[in-house]
Amino acid sequence: MSSQYYSEEKIIPDDLCDQAGNMNLVDMINRMIEISTNHFNMSQDGDIFKNTLWVLLSWDIEIVDIPVKGKKYKFGTELLGYSSFLFARRYSIKDGDREIVKAYSIWTIIDPLTRRVMRIPKDSREGIKKLKKREFDNYRPKISDLEDKGISYDLEIEPSDIDGNLHVNNTVYLKWFFEKLNRKINFNRIKILYLKEILAQEEIEIIIDFSEDFNKAEFKEKKTGERKAMLEIYHDNSQKTSI
């Protein structure tokens, strides 16, 4: 990849904001992913990954302030490094020189036919730092188990929830969480671990721990109890970022 950093300036349109004029969380995440996709497409690696699917494994997002409609922001991304099976990325949203959102994500690639994880092709590693396991651990969020706490809700998978990778899109987990939470909260950090992909035919439940300062959630397959994803969101009453 020719450059590990890439950025675009964007004016936030009305249709990506809530009634208060704050950018929706899901749309903010989608814009960050769009920036990294554009970064990737500008590189020379497109043909190398032609017959693969990119899969998101985690998010760790810290929010100081939320973008608002009609204002211009710089959305940036940096490819931090790779291991045999993983890539790590950093994202930022800046209001002038002030960073208002910082995020880290970890990605892998899978074979679209076997759905198995693939090694990062050697030809794509040139000029990119190789990270050790402990370095990847700095970017991978840590979320503890619910330990049988929380309330369980059944989830219904809609056709629109399935993306081009033929599994539930990563932002749908947040949609489900906030729908079942069913109350407004202020927050300043979101951590998500995607453990196993959710397919259209599966029966899924979400278990939410309703705590004072944060919420945790687990997504599980109902029949087997297999854990699909874990989420943790931290409240901040001094912050205007709300859902």
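Treat the numbers as computed from the prediction; the structure is a model and nothing was measured.

Quick word on the packing of helix α1 (residues 25-42) against helix α3 (residues 170-181)
Here's step 1: For the pair α1 and α3, the least separation of the axes is 10 Å and the interaxial angle reads 170°. By the angle between their directions, the pair α1 and α3 is classed as roughly antiparallel. For the pair α1 and α3, contact is made by Leu-25, Val-26, Ile-29, Asn-30 and Ile-33 and by Asn-170, Thr-171, Leu-174 and Phe-178, respectively.
Here's step 2: For the contact of α1 with α3, the residue count by class is six nonpolar, three polar and no charged.

Thoughts on the packing of aromatic side chains
Here's step 1: This structure, assessed with the given rule, holds 11 aromatic pairs.
Here's step 2: Summarising the aromatic geometry, the rings of Trp-176 and Phe-219 are spaced 6.3 Å apart at their centres and angled 40° between planes, so their arrangement reads as tilted. Within this pair, whereas Trp-176 is found in helix α3, its partner Phe-219 is found in strand β9 (residues 214-221), the two being separated by 43 residues in sequence. The same class applies to Trp-176 as to Phe-219, namely buried.
Here's step 3: Here Phe-214 and Tyr-234 contribute two aromatic rings whose centre-to-centre distance is 6.2 Å and whose plane-to-plane angle is 40°, an arrangement assigned as tilted. One end of the pair, Phe-214, is in strand β9; the other, Tyr-234, is in strand β10 (residues 227-235), and 20 residues separate them in sequence.
Here's step 4: Note on Phe-214: relative accessible area 28%, which makes it partly exposed.
Here's step 5: By way of ring pairs, the aromatic residues Tyr-173, Trp-176, Tyr-194 and Phe-219 are connected into one cluster.

Brief notes about the pattern of salt bridges
Here's step 1: Tallied over the full model, the rule gives 21 salt bridges.
Here's step 2: Linking Glu-34 and Lys-10 is a salt bridge whose minimum nitrogen-to-oxygen distance equals 3.0 Å. Residue Glu-34 is located in helix α1, and its partner Lys-10 is located in strand β1 (residues 5-11); the two are separated by 24 residues in the primary sequence.
Here's step 3: By sharing partners, the salt bridges in this structure join Glu-8, Lys-10, Arg-31 and Glu-34 into a single network.

A closer look at α3
Here's step 1: The end-to-end C-alpha separation of α3 is 18 Å, in line with the 16 Å expected for 12 residues at 1.5 Å each.
Here's step 2: Buried residues dominate α3, accounting for nine of its 12 residues.
Here's step 3: Buried residues of α3: Asn-170, Thr-171, Val-172, Tyr-173, Leu-174, Trp-176, Phe-177, Phe-178 and Leu-181, and no others.
Here's step 4: Once α3 finishes, Asn-182 follows within two positions and takes phi at roughly 60°, a positive value.

Observations regarding α1
For an α-helix the count is 3.6 residues per turn, leaving residues at separations of three or four pointing the same way.
Here's step 1: Look at α1: 26 Å from first C-alpha to last across 18 residues, which is about the 26 Å you get at 1.5 Å a residue.
Here's step 2: Listing the buried residues of α1 in full gives Leu-25, Asp-27, Met-28, Ile-29, Arg-31, Met-32, Ile-33, Ile-35, Ser-36, His-39 and Phe-40.

So, the side chain of Glu-221
Here's step 1: By the element assignment, Glu-221 lies in strand β9.
Here's step 2: Here Glu-221 is buried and forms no salt bridge, its nearest opposite-charge partner Lys-223 lying at an N-O distance of 6.0 Å.
Here's step 3: Within the structure, Glu-221 has its side chain in polar contact with the backbone nitrogen of Lys-223 (distance 2.9 Å).
Here's step 4: What Glu-221 contacts, discounting residues up to four positions off in sequence, is Glu-202, Glu-203, Ile-204, Glu-226 and Lys-228.

Here's the deal with the layout of surface pockets
Here's step 1: In this structure, the largest pocket spans a volume of roughly 930 Å³.
Here's step 2: As for the largest pocket, its lining consists of 40 residues, and the residues nearest its centre are Trp-54, Val-55, Leu-56, Asn-165 and His-167.
Here's step 3: At the level of elements, α1, β2 (53-63), β4 (87-95), β5 (98-110) and α3 are the ones that each hand at least two residues to the lining of the largest pocket.
Here's step 4: Residue composition of the lining of the largest pocket, by class: 22 nonpolar, 10 polar and eight charged.

Comments concerning the sheet that holds strand β6 (residues 151-155)
Here's step 1: Sheet architecture is open: 10 strands sit in the order β1-β3-β4-β5-β2-β7-β10-β9-β8-β6, paired in antiparallel fashion. A strand with exactly one partner marks an edge of an open sheet, and here the two such strands are β1 and β6. Taking the axes of each pair of neighbouring strands and ignoring which way they run, one obtains an average angle of 20° across the sheet.
Here's step 2: As paired elements, β6 and strand β8 (residues 204-210) share five bridges and run antiparallel to each other. Residue Leu-155 lies in a different strand from β8, and its bridge partner there is Ile-204.
Here's step 3: Strands in contact with α1 are β1, β2, β3 (72-82), β4, β5 and β7 (187-194); relative to β1, the strand with the most contacts, it is inclined by about 135°.
Here's step 4: In the packing of α3 onto the sheet, contacts are made with β2, β6, β7, β8, β9 and β10, and the angle to β8 comes to roughly 55°.

Cut-offs applied
Residues numbered from 1 in each chain as written. Predicted model: local features only at pLDDT ≥ 70, side-chain atom pairs only at ≥ 80, totals over all residues. Heavy atoms only, no water. Axes fitted to C-alpha atoms, helices over the stretch in contact; angles between N-to-C directions. Helix = DSSP H or I, 4+ residues; strand = E, 2+ residues; numbered from the N terminus. Parallel < 35°, antiparallel > 145°, perpendicular 65-115°, else oblique. Contact = heavy atoms within 4.5 Å. Nonpolar A, V, L, I, M, F, W, Y, C, P; charged D, E, K, R; others polar. Phe/Tyr/Trp six-rings, centres within 6.5 Å; stacked < 30°, edge-to-face > 60°. Buried < 20%, exposed > 50% of the residue type's maximum accessible area, 1.4 Å probe, protein only. Salt bridge = Lys/Arg side-chain N within 4 Å of Asp/Glu carboxyl O. Expected span 1.5 Å × (residues − 1). Lys, Arg positive; Asp, Glu negative; His and termini not counted. Polar contact = N/O pair within 3.5 Å; in protein donor to acceptor, adjacent residues only side chain to side chain. 1 Å grid on protein atoms, 1.4 Å probe; cavity = no way out; pocket = protein on both sides within 12 Å on 5 of 7 lines; lining within 4 Å. Points joined across faces, edges and corners; volume = space filled by probe spheres on them. Pairing = 2+ DSSP bridges.

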